[in-house]
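Chain and residue survey
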Amino acid sequence: MSKIQEFISNMTLKQKAQLVIGTGMIFDVPESAEVPFEDPLEEVDDAEYTNMVHEIRKKLPGAAGFTAAFPDIGITPQVLADGPAGLRISPKREGTDDTFYCTAFPIATLLASTWDTLLVEEVGKAMGNEVLEYGGDILLAPALNIQRDPLCGRNFEYYSEDPLISGKMAAAMVKGIQSNGVGTSIKHFTANNQETNRLSVNTIMSERALREIYLRGFEIAVKESNPWTVMSAYNKINDQYASESHDLLTKILRDEWGFEGYVVTDWGAGDDLVAQMKAGNDLIMPGQPHQVDTLVQAVNSNLLEESVLDRNIERILSVMLETPQYKGHQCSQNPDLRKHAQITRKASTDGMILLENPNNALPIKSAEAGKVAAFGNSSYEFISGGTGSGDVNEAYTVSLIEGLRNGGFETSEELSGIYENHISKMRKQAGKPKNFITSLLGGKEPVAEMPVPPELARKMALQNDLAIITIGRNSGEGVDREAVEGDFYLTENEKQMVKNVSEAFHNEKKKAIVILNIGAPIETVSWRGLPDAVLLAWQPGQEAGNSVVDILTGKVTPSGKLAVTFPLSYEDSPSSANFPGHAIEGEIDETRDLSGFSMMKRTPWEVIYKEDIFVGYRYFNTFEAPVAYEFGYGLSYTSFEYGKMVLSSTDFEKEIAMKINIKNEGKTSGREVVQIYLSSPQVQIRKPAIELIQFGKTKVLKPGESETLLFRISPRDLCSYYTEKGLWIAEKGEYIVQAGSSSAQIRQKASFFLHKELEVEKATSKLLAPSREPEKLDS
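The rules behind each value
Residues numbered from 1 in each chain as written. Predicted model: local features only at pLDDT ≥ 70, side-chain atom pairs only at ≥ 80, totals over all residues. Heavy atoms only, no water. Helix = DSSP H or I, 4+ residues; strand = E, 2+ residues; numbered from the N terminus. Rg over C-alpha atoms; globule rule 2.2 N^0.38 Å. Buried < 20%, exposed > 50% of the residue type's maximum accessible area, 1.4 Å probe, protein only. Contact = heavy atoms within 4.5 Å. Areas by Shrake-Rupley, 256 points an atom, 1.4 Å probe, with all protein chains shown as cover. Lys, Arg positive; Asp, Glu negative; His and termini not counted. Charge placed at Lys NZ, Arg CZ, Asp CG, Glu CD. Axes fitted to C-alpha atoms, helices over the stretch in contact; angles between N-to-C directions. Parallel < 35°, antiparallel > 145°, perpendicular 65-115°, else oblique. Left-handed = near helix turned anticlockwise from the far one by under 90°. Nonpolar A, V, L, I, M, F, W, Y, C, P; charged D, E, K, R; others polar. Salt bridge = Lys/Arg side-chain N within 4 Å of Asp/Glu carboxyl O. Expected span 1.5 Å × (residues − 1). pLDDT = per-residue confidence, 0-100. Pairing = 2+ DSSP bridges. Polar contact = N/O pair within 3.5 Å; in protein donor to acceptor, adjacent residues only side chain to side chain. Phe/Tyr/Trp six-rings, centres within 6.5 Å; stacked < 30°, edge-to-face > 60°. Lys NZ or Arg CZ within 6 Å of the ring centre and 35° of its normal. Arc of directions from axis to C-beta. Disulfide = S-S within 2.5 Å.

Details of the overall build of the protein
- Across its full length, the protein holds 22 helices and 30 strands.
- In summary, the protein has a C-alpha radius of gyration of 26 Å against a globular reference of 28 Å for 779 residues, a match within 12%.
- Considering only C-alpha atoms, the protein reaches an extent of 80 × 70 × 50 Å along its principal axes.
- Counting all 779 residues of the protein, 63% fall into the buried class.
- Here the contacts in the protein between residues at least 6 apart in sequence split such that 78% fall between residues at least 24 apart.
- As presented, the protein carries roughly 28,400 Å² of accessible surface, and 46% of it is formed by carbon and sulfur atoms.
- The averaged location of the 108 negative side-chain charges in the protein is 6 Å from the averaged location of its 79 positive side-chain charges.

What to know about the packing of helix H2 (residues 13-20) against helix H12 (residues 306-320)
- Contact geometry of H2 with H12 gives a least axis separation of 10 Å together with a crossing angle of 50°. Comparing their axes, H12 and H2 come out oblique. When the axes of H2 and H12 are compared, the crossing they make is left-handed. Between H2 and H12, the contacting residues are Leu 13, Lys 16, Leu 19 and Val 20 on the first element and Glu 306, Leu 309, Asp 310, Asn 312, Ile 313, Ile 316 and Leu 317 on the second.
- Tallied by class, residues from the contact of H2 with H12 come to 7 nonpolar, 1 polar and 3 charged.

Some remarks on the pattern of salt bridges
- Tallied over the entire structure, the rule returns 44 salt bridges.
- Between Asp 350 and Arg 671 there is a salt bridge, with the nearest N and O atoms lying 3.4 Å from each other. Of this pair, Asp 350 sits in helix H14 (residues 337-351) while Arg 671 sits in the loop between strand E22 (656-664) and strand E23 (673-679), placing them 321 residues apart in sequence. This pair shows no difference in class: Asp 350 is buried, exactly as Arg 671 is.

Considering H14
- Over its 15 residues, H14 extends 21 Å from the first C-alpha to the last, a length consistent with the 21 Å expected when each residue adds 1.5 Å.
- Among the residues of H14, His 340, Ala 341, Ile 343, Thr 344, Arg 345, Ala 347, Ser 348, Thr 349, Asp 350 and Gly 351 are the ones counted as buried.
- On its buried face, H14 sits against helix H4 (108-114), helix H5 (117-134), strand E10 (353-356), helix H21 (544-552) and strand E24 (691-697).

Quick notes on the confidence of the model for the protein
- Looking at the protein, the pLDDT average stands at 94 and 96% of residues meet or exceed 70.
- Here residues 592-596 is a poorly scored stretch, pLDDT under 50, and it has 19 contacts once near neighbours within four places are set aside; other chains count.

Points about the sheet that holds E24
- The strand order E24-E23-E28-E29 describes an open sheet built from 4 strands, whose pairing is antiparallel. Each edge of the open sheet carries a strand with a single partner, namely E24 and strand E29 (746-754). On average, adjacent strands in this sheet sit at an angle of 20° to one another, irrespective of strand direction.
- Note: E23 against strand E28 (residues 733-740), 5 bridges, orientation antiparallel. Counted as the bridge partner of Tyr 677 is Gln 738 from E28.

Focus on unusual backbone geometry
- Looking along the chain, the bond that leaves Asp 82 and enters Gly 83 is cis, with omega of 0°.
- As for its placement among the helices and strands, Gly 83 is situated in the loop between strand E2 (79-81) and H4.
- Here the residue pair Met 285 and Pro 286 is connected by a cis peptide bond, since its omega of 0° sits within 30 degrees of zero.
- Phi at Trp 115 is positive, roughly 55°, even though this residue is not glycine.
- With respect to the helices and strands, the residue Trp 115 is situated in the loop between H4 and H5.
- The exposure class of Trp 115 is buried, given its relative accessible area of 2%.

Let's talk about the environment of Asp 39
- With respect to the helices and strands, Asp 39 occurs in the loop between H2 and helix H3 (47-57).
- Separated by 510 residues in sequence, Asp 39 and Val 549 have C-alpha atoms that sit 46 Å apart.
- The contacts of Asp 39, once residues within four sequence positions are left out, are Ile 26 and Arg 57.

A look at the environment of Met 645
- Here Met 645 shows up in the loop between strand E20 (640-642) and strand E21 (646-647).
- In this structure Met 645 comes out as buried when scored by relative accessible area, which is 4%.
- Setting aside residues up to four positions removed in sequence, Met 645 forms contacts with Met 658, Lys 659, Ile 660, Val 737, Gln 738, Ala 739, Gln 748, Lys 749 and Ala 750.

A look at the side chain of Lys 687
- Note on placement: Lys 687 falls in the loop between E23 and E24.
- In terms of polar contacts, Lys 687 uses its side chain to reach the backbone carbonyl oxygen of Pro 681, at 2.7 Å.

Examining the sheet that holds strand E8 (residues 240-241)
- Here 5 strands make up an open sheet; going across it, the order is E8-E7-E5-E18-E17 and the pairing mixed. Looking at the sheet topology across the chains shown, the edges are occupied by E8 and strand E17 (582-583).
- Pairing geometry for strand E5 (residues 201-204) and strand E18 (residues 605-608), over 4 bridges, is parallel. Across the sheet, the residue bridging to Ile 204 is Ile 608, located in E18.

Points about the side chain of Asp 137
- Topologically, Asp 137 is positioned in the loop between H5 and strand E3 (138-139).
- Buried charged residue Asp 137 carries no salt bridge. Nearest counter-charge: Lys 59, at 8.0 Å.
- There is a polar contact of 3.1 Å between the side chain of Asp 137 and the backbone nitrogen of Gln 325.
- What Asp 137 contacts, discounting residues up to four positions off in sequence, is Pro 77, Gln 78, Val 79, Val 131, Val 182, Gly 183, Trp 228, Thr 323, Pro 324 and Gln 325.

A short note on the packing of aromatic side chains
- Counted by the stated rule, this structure contains 21 aromatic pairs.
- Seen in terms of ring centroids, Phe 488 and Tyr 570 are 5.9 Å apart; in terms of plane orientation they differ by 70°. Their pairing is edge-to-face. Of this pair, Phe 488 sits in the loop between strand E13 (466-472) and helix H20 (492-507) while Tyr 570 sits in the loop between strand E16 (566-567) and E17, placing them 82 residues apart in sequence.
- For Phe 488, a relative accessible area of 0% gives the class buried.
- Take Tyr 570: its relative accessible area is 6%, and that puts it in the buried class.
- Among the aromatic residues, those joined into a ring-pair cluster are Trp 115, Tyr 617, Phe 631, Tyr 677 and Phe 695.
- The ring of Phe 100 carries Arg 93 above its face, with NZ or CZ at 3.7 Å from the centroid.
- Over the face of the ring belonging to Tyr 609 we find Arg 148, whose NZ or CZ atom lies 3.8 Å from the ring centre.

What about H3?
- Tyr 49, Thr 50, Met 52, Val 53, Ile 56 and Arg 57 are the residues of H3 that are buried. Projection of H3 onto a plane perpendicular to its axis shows the buried side chains occupying an angular sector of 160°, all on one side. Facing away from the buried side of H3 by over 90 degrees, the exposed positions are Ala 47, Glu 48 and Asn 51.
- Here the buried face of H3 lies against H2 and strand E1 (65-66).

Comments concerning the state of the cysteines
- Scanning all chains against the criterion turns up 0 disulfides.
- In this structure Cys 102 is not part of a disulfide, and its nearest cysteine sulfur, from Cys 331, lies 12 Å away.

See below:
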């Protein structure tokens, strides 16, 4: 008998039910916040169980959830903690003056913008070390949902609009985190692409879109990095809750992809506990005592076979055997936060993107710059990351003004005082954040931008030598963004600030630089021509100001490239006409308790993915729609020459090797991202004009230095999913390989032929198939 079977044989039915149901969630909330629920443990009349739960909650205060422990038979708890941008735990604890801060790493969107999987793995190693040394077992990360629409409130947690980048970045992060002997939970599986009515939205899409776009990244992550756990999503997919879908959690995830870990619900996901167990959703989080009773009754009344519980428990215990808790690791409570801050600073600079620099206003040298006037609230309250479970309790965030001073710049004390007074006044007037979850978790929202009249701009232009204007945006779990001024569009105050400051400094023959401190795209076309340069800094983690100054001064040459398209206007996005969906018939559930924990009502809701597979650049390139900044775009302080692309063959058989030489032909050291796109023959079905199939990034190349990058094109790279056949098929014909510095800037091309249709992989057809064929963009 195996160790796991021995554990199971010694468990009572009630203990089995307790193990697959989390032990509840309780956390400190700010005094200003409404307590959303009472501790469900108070309802339990079982002293042994309640004592156990109280004991395991002490292991890591602020963790998101815990599994049950049964010490008498050797079963230890698993500690699960948020989140994607760093470990989220309570920074202070009762009985000690010590602090337990964690590193706020760059948001996922920035990490994807590095196009550097080795760097992302390094970030993961640092993040996982904090999980280990603070006493966690599973980090609820990474999040790799597709950035389908610019307004999704949690886009900052996600990597890209492209499934290849999403999957590769997630796999790198998983490898890094799990190298510490702790686990990950890749999320949210799948099609969790909006926050509006996320608990009840029914996502309608074609099987092809599901396979090619929304499952593909998860498939890559599972196959390449073996995450310990997968988190099922809140939403429905073609009428089935993700956490209740046997098609999704068993047939696809386990049978097709070979996943061997356990599946955990998102906190409060689903509707039918028994259906979740049968589907292969092994662990319910955060869990409530009545759910334990429900499962016991289901087994006793023959609604659920006990063998299903045993199967799910076997998966949970197989992971338990690998955890630090089970192995008795003595955590130090003292990870090397200083070292991790340096990793954060490096990763941040590599993911920042130079959007505009027409007359080489950047880089600047502190000795040449003289005195700097920093405009915009976010210059003083730089946003390190988004809100909600993806937020981190870090010790500090370096503001832009602090970064400038650290970098040797003199800054305008007068202007700093004006902004500090404005922000302080607005903070006092501000009420609770509109986002309930932000308020609950102690987060804050940016205050309204201060007007900058021409008179103030002129005064500062006479007193200072350089203007830096920061535009800030934040969003978070629970609420989507809006296509309004102050969100996707600049407010009138922001527009006037950019205009007035740029004009005033230009009149004095001085420069104005805009920094975008944002988590997702905004409109830029109406104002981007006013300043001398625009730097997209994203939300770069706690070393924010230092990282920005590293780019501004040329200490680091920008090498980031967009992993998401910036449209001309929101309405140009292919999903804009059907995001975030519409109400459908049904009753609204106000209880906040449909499956244990949700904090949000359930409104009958539906969203139809009419754009189908044409997400992001797949749409813009195929339909030749103009954009503000294309997928893969990003400027540098140097320039690169692309040598001739060399293919190992012009006839495809098992694979084709390709190589391309990249030379730095500029005067500054730098790195280049090489993007490999494929245009495929369109014989039976329509395909995007181009699709990203590979990418690579050079080392830092000195002026005149070269590097040859090697790539291998596999049969799967050629494939599209054929719904009726349940097959990944490469059609015969000519394939054009394109190497580009962006999706619109193709530098080299070559072609090869596939002389016979190739059936590459078999999948089970009609899994999660829509009950009605959704209307499509090109139909």
